[in-house]
Amino acid sequence: MKLQKLELNAFRGATQPLSLEFDPAKRITLIFGENGTGKSSISDALICLCTTDHGSLDDISGADKSYLVAADRQPNDLLIRLHTDQGLFTAAMAGKKIVHKQSAAPPALRHLRRSSVVDLATAAPAKRYEQLAAYFDLSGIVKSETTLRDLLRNTRLEADRIARALEAVEQILDATWKNEGAPHDNWEQWANTELQKDLSAEYNKLTGIRAAIEAWNRAKIAHEKLLETQEEGRNAADIRKQAERLLDEQHAAAHAPALLPVLEEARKYLSAEHPDDNTCPVCKQPADHAQLLMHLQTRLTQMNSLREASLAASAARTEHERLQTLWQGNLESLNADVLKFAAAMNTLENAPALKDMLSALQNNELLPRKRAELFAASFDTLHNFLTGKIVESDSISKALDQYGLIRENWNAIMENRAAADKNNALLTAAGAALHIVESARKTYIESELRAVSAEVDALYQALHPNENIGDVRLFLKEKGRNSLELTARFHHHTDIAPQSLYSESHLDTLALCIFFALAKRYGNSDTILLMDDVLGACDEAHLDRFIQLLQDQAEHFAHIIVTTHYRPWRERYRQQGDIHLIELLPWTPEGGIGYRRD
Amino acid sequence: MDNSETANPAARNSNELLAEQIFRQLLEAKLISNDGKAAFISGLGQGTLKEGNWKIALEQVLHTQPMSDETSET
């Protein structure tokens, strides 16, 4: 890339339009100007156009980016244009931001300003690392490394969780084993042996006992109901007997007991409305209706006791018959339940005597009433037998529950062990992967730093031959993260921090060499190098060597732009035809930045 | 690994360059497989590789490896 022209309008010191033409035949341009002539404005313009930085404004904490606009000018007026053989690059102000007007990426520019010189050579290791990180960015790798580290940490946590869960279930089995008297060598052997047992017979036995107990309970309830109805029936029979005897007595006492229902019907008839009220309904002779009713009521009152006895006997008869029916139903229910119970009992191992009893209960020829009596007679024997079965079922149930507990915890142990194996495999893999990523990153950085260090030292030796300084080494601190160390030799003092013994000018040139080495390694032939007032006063010999170094390095870059207020430098370049020298004129608010056009 | 001889490494992004090197090393160590190579390298270099992505990549190889005790039994 060849630079042709830089145009500024309303940018910093360029209160008036400035058009700075580059000599396309020369790779180095020295912009000389006294303090306040606009050197930094030109540098800042190039930095704003080619990078996301803002030049000298970045050194001022909290500086408003609107200061990029020249005094008394509007942001809309601001314009930076760089003409090159590869096209025109333009930047303008939008709000408080510099925006690029073309879709193509701006030219690559590496810049070094006075403040950065200090950071490179003498700043704290972390600050120095930040400067370096701008050249080789490994932020993506570092982010991915962090997520891998997260995976490792979380997999470790998962391993702990699984171990705790495993320990808990193992403790349960261990306690159960000890509770059982610690048979076999250990709980694991015991549990394994227990799980080999076939408990299906026990299970079937328990199912049979439970079915028999359930059938027994139903038969027992049916028997109780039958006894209850039987008792109620007996009482009802007594009441009926008494009521019928009383009725017989009333009948005997009455003259014509058969008359009672006739009189009651006659009263009902006469109480109703009839068209011929004053005639007898039987003989049709005239009769006094009211008087007839009065006589009827008198006769019925006289027969009231008979009537009540009749009603009581009727009610007692009905109740007795109802209870007889109920008893019959309960008897049938009991028979059905007894047969079911006997069938359920047949599935169990029973004593011979009990077998005979059950067989008798199941006899088809047995009348229901007889079966009920037989059941009642066998009740205590059956009750005692089933009480024993309940104890037996509790014992089987306990054994089956323990088997279930062993099975459940054993399964949990197997699952946790499998999960632990899987998790440990991931843990190992994640650890190995993290080691590779970390090592690769560190090796990469160290390798880059070795290469940069070698280049810095070569450049430094060119600037300071036979001065017994150098052996510059940039390296990462052993355990520090993002911490870049810088050591060098000073005569017989090796691996010292340069700022401890180097002079200010030696530190300046060291920073310049670091900058050159980095720009060269991480730049290319299209990279523009910008050095804004980076060299202070130095002796002639060092200045000559620095000028030579610039010329030697120029071939690696598209263009090197140097600004300085150092007069001896200008004097050297005035005499050198292969350097493009631009001399700035004193700045004025009305005229802005101007330069000598020879 | 020594990239000091690599001419002009800035021609390629440092993240991309190192991501490829790391991928190769992980592959050689049989920690990841070659499946989804481009996406893995891109994610690794750009820093978009999440914890879950790492897990999937590592487990993919772990799940395809026969268990050592199983192989010894057979």
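About the criteria used
Residues numbered from 1 in each chain as written. Chains lettered and ligands numbered in written order. Predicted model: local features only at pLDDT ≥ 70, side-chain atom pairs only at ≥ 80, totals over all residues. Helix = DSSP H or I, 4+ residues; strand = E, 2+ residues; numbered from the N terminus. Contact = placed C-beta atoms within 7 Å. Buried ≥ 20, exposed ≤ 12 C-beta atoms within 10 Å, placed from the backbone. Pairing = 2+ DSSP bridges. Axes fitted to C-alpha atoms, helices over the stretch in contact; angles between N-to-C directions. Left-handed = near helix turned anticlockwise from the far one by under 90°. Nonpolar A, V, L, I, M, F, W, Y, C, P; charged D, E, K, R; others polar. Core = buried A, V, L, I, M, F, W, Y, C linked by C-beta atoms within 7 Å. pLDDT = per-residue confidence, 0-100.

1. Looking at the overall build of chain B
The helix and strand inventory of chain B stands at four helices and zero strands. Along the chain direction, N to C, the helices and strands of chain B fall in the order α-α-α-α. Counting only contacts in chain B whose residues sit at least 6 apart along the sequence, the fraction spanning at least 24 positions is 48%.

2. As for the overall build of chain A
Helix and strand content of chain A: 15 helices and 14 strands. Taking as baseline every contact in chain A between residues at least 6 positions apart, the subset at least 24 positions apart corresponds to 71%.

3. Some remarks on the environment of Leu584(A)
Tracing the backbone shows Leu584(A) in strand E13 (residues 580-588). The exposure class of Leu584(A) is buried, given the 23 C-beta atoms found within 10 Å.

4. Thoughts on the sheet that holds strand E10 (residues 493-496) of chain A
The pairing of strands in a sheet happens through backbone hydrogen bonds and is either parallel or antiparallel. All names here are of chain A. Strand order in this open sheet of three strands is E8-E9-E10, and the pairing throughout is antiparallel. This sheet does not close on itself; its edge strands, each paired only once, are strand E8 (469-476) and E10. Taking the axes of each pair of neighbouring strands and ignoring which way they run, one obtains an average angle of 15 degrees across the sheet.

5. Here we look at the sheet that holds strand E12 (residues 559-564) of chain A
All names here are of chain A. The strand order across the open sheet formed by six strands is E7-E11-E12-E3-E13-E14, and the pairing between neighbours is mixed. Strands at the two margins of the open sheet, each flanked by one partner only, are strand E7 (109-113) and strand E14 (592-595). Between one strand axis and the next, the sheet turns through 20 degrees on average, direction left out of account. As paired elements, E7 and strand E11 (residues 528-532) share five bridges and run parallel to each other.

6. Topic: the packing of helix H6 (residues 200-253) of chain A against helix H11 (residues 368-463) of chain A
Residues and elements named next belong to chain A. Following both chains from N to C, one finds H6 and H11 inclined at 145 degrees, their axes separated by 9 Å at the closest point. Where H6 crosses over H11, the two elements pack in a sense that is left-handed. Its residues assigned to classes, the contact of H6 with H11 shows 16 nonpolar, three polar and five charged.

7. Structural notes on helix H2 (residues 37-46) of chain B
Taken as a whole, H2(B) has its buried residues at Phe40(B), Gly43(B), Leu44(B) and Gly45(B). Of the residues trailing H2(B), Gly47(B) is marked for its positive phi of about 80 degrees.

8. Quick word on the nonpolar core
In this structure, Phe11(A), Ala45(A), Leu49(A), Cys513(A), Ile514(A), Phe515(A) and Ile22(B) are the most contacted members of the largest nonpolar core, which totals 105 residues. At 15 residues, H11(A) tops the list of elements feeding residues into this core.

9. Focus on the pairing of E7(A)
Across the five residues that make up E7(A), a large majority, five, are buried. Of the two faces of E7(A), the one holding Leu109(A), His111(A) and Arg113(A) and the one holding Arg110(A) and Leu112(A) are both buried throughout.

10. Regarding the interface of chain A and chain B
With 32 residues of chain A at the interface, the matching set in chain B holds 31 residues. Every element with two or more residues in the side of chain A that touches chain B is listed here: helix H4 (139-179), H11 and helix H13 (504-522) of chain A. For the side of chain A that touches chain B, the element with the highest residue contribution is H11(A), accounting for 15 residues. Split into classes, the residues belonging to the side of chain A that touches chain B amount to 17 nonpolar, nine polar and six charged.

11. Section: the packing of H11(A) against helix H3 (residues 51-64) of chain B
Their axes nearest at 10 Å, the elements H11(A) and H3(B) cross at an angle of 115 degrees. The interaxial crossing formed by H11(A) with H3(B) has right-handed handedness. Residue-level inspection shows Ala425(A), Leu426(A), Ala429(A), Ala430(A) and Ala433(A) of H11(A) in contact with H3(B), the latter providing Trp54(B), Lys55(B), Leu58(B), Glu59(B) and Leu62(B). Along the lines of polarity and charge, the residues of the contact of H11(A) with H3(B) split into eight nonpolar, no polar and two charged.

12. A closer look at unusual backbone geometry
Trans is the common state for peptide bonds, and a negative phi is the common state for residues other than glycine. Residue and element names in this part refer to chain A. At His491, a residue that is not glycine, the phi angle is positive and equals roughly 55 degrees. Under the C-beta neighbour-count criterion, His491 is labelled exposed, with 10 such atoms within 10 Å. At Asp533, a position not held by glycine, the phi torsion is positive, near 55 degrees. Along the chain, Asp533 turns up in the loop between E11 and helix H14 (540-554).

13. A look at the environment of Gly38(A)
By secondary structure assignment, the location of Gly38(A) is in the loop between strand E3 (28-32) and helix H1 (39-50). With sequence-adjacent residues up to four places away left out, Gly38(A) is seen in contact with Gly13(A), Gly33(A), Leu584(A), Trp587(A) and Ile593(A).

14. Some points on the confidence of the model for chain B
Residues and elements named next belong to chain B. When pLDDT is averaged along chain B, the result is 79; 70% of the residues meet or exceed 70. Mean pLDDT across the secondary structure elements of chain B bottoms out at helix H4 (residues 68-73), with 43, and peaks at H2, with 96. Note that residues 1-11 has pLDDT below 50 and, in this model, 21 contacts with residues that lie over four places away or in other chains. In this model residues 69-74 is a low-confidence stretch, pLDDT under 50, and it forms one contact with partners more than four residues away in sequence or in other chains. Both scores are given for the predicted complex: the pTM is 0.66, the ipTM 0.83.

15. Things to note about the pairing of E10(A)
Residue and element names in this part refer to chain A. Where strand E9 (residues 484-490) and E10 come together, two bridges link them in antiparallel fashion. Looking at E10, one finds that Ala488 is bridged to Ile496. From the end of E9 to the start of E10, which pair antiparallel, there are two residues, and His491 there has a positive phi angle of about 55 degrees.

16. Observations concerning the environment of Ala212(A)
Considering the arrangement of structural elements, one finds Ala212(A) in helix H6. Those residues in contact with Ala212(A) that sit more than four places away from it in its chain are Ala344(A), Met345(A), Leu348(A), Leu386(A) and Lys389(A).

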